[in-house]
Amino acid sequence: MDYAMSILPALLRGAVVSVELFVITLLLALPLGLPIALGEMSRIKPLSWLCKAFVFVFRGTPLMLQLFFFYFFFPIVLGVNIDTFPAAVLTFVLNYSAYLAEIYRGGINSIDKGQYEAASSLGLSRWQTTFDIVIPQAMRVVIPPVSNEAITLVKDTALASCISMAELMRVSEGMVNRDGSLLPYILAAGIYLVFTFFVTLILSHVEKRFSSYKRKEQ
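Residues numbered from 1 in each chain as written. Predicted model: local features only at pLDDT ≥ 70, side-chain atom pairs only at ≥ 80, totals over all residues. Heavy atoms only, no water.

Novice: So what's going on with unusual backbone geometry? Which residues, and what values?
Specialist: Positive phi, close to 65°, is recorded for Ser164, a residue that is not glycine. Assignment of secondary structure puts Ser164 in the loop between helix 6 (126–156) and helix 7 (168–179). Classification of Ser164 as partly exposed rests on a relative accessible area of 43%. (Helix = DSSP H or I, 4+ residues; strand = E, 2+ residues; numbered from the N terminus. Buried < 20%, exposed > 50% of the residue type's maximum accessible area, 1.4 Å probe, protein only.)

Okay, here's the thing in structure tokens:
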């Protein structure tokens, strides 16, 4: 018990870093995924190909490999040192924006094409139709898969330990190597579970709010 209490403060400091990575990634990746999705669907072929290539690369390669790439890219190629936290944020934002772009694209494609025709008959431009009619409906459709991605992100923050970022997993791993005890891993698992529990509660509340709003519209 004394050992657990002695290591808990350091684990909580690592957990704070994990939470910061989680929050910043969501705040940046959630809006970034939308223009990428619209770019994939664009009639401008070079833009569409570029966005599709971006999604293909970041969904088709391991997140850990991407972390290594960005962490070593700046010092080796550009001669600029970059700290572990900015490197992790950059990697996670790009990776998750690619996954979110595909979720958004699927949500937009799920909207009945007849709504474009109806909006056109009312004199609305394609831009107005997309942003005023289609995207608001698509956002309600994509909430469940976006919620799943957010929960996955909680666990994926542990991968930042591979570039020696002092988040929860890295801190617990250092304690296990130093003390020869598995207790830090057990406590870290408990912290991840608590974190996931609260994220799940928040996302479930958001889903219920949007579901009730959708029923009222109908």
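And the narrative resumes.
Novice: Residue-level account of the nonpolar core, with values.
Specialist: Residues Leu21, Phe22, Ala88, Phe92 and Tyr104 are the most contacted members of the largest nonpolar core, which totals 43 residues. At the level of secondary structure, the elements contributing two or more residues to this core comprise helix 1 (2–40), helix 2 (45–60), helix 3 (63–78), helix 4 (84–109), helix 6 and helix 8 (183–217). Tallying contributions element by element places helix 4 first for this core, with 13 residues. Excluding its chain neighbours within four sequence positions, the residues that come into contact with Phe22 are Ala150, Leu153, Val154, Thr157, Phe195 and Val199. Judged by nonpolar contacts, the second largest core, of 11 residues, contains Ala10, Ala15, Met175 and Ala188. (Core = buried A, V, L, I, M, F, W, Y, C linked by side-chain atoms within 4.5 Å. Contact = heavy atoms within 4.5 Å.)

Novice: Tell me about the side chain of Ser161, and name the residues and values.
Specialist: Note on placement: Ser161 falls in the loop between helix 6 and helix 7. Among the polar contacts listed, one links the side chain of Ser161 to the backbone oxygen of Ala158, at a separation of 2.8 Å. Here Ser161 is in contact with Glu167, Met169 and Arg170, once residues within four sequence places are set aside. (Polar contact = N/O pair within 3.5 Å; in protein donor to acceptor, adjacent residues only side chain to side chain.)

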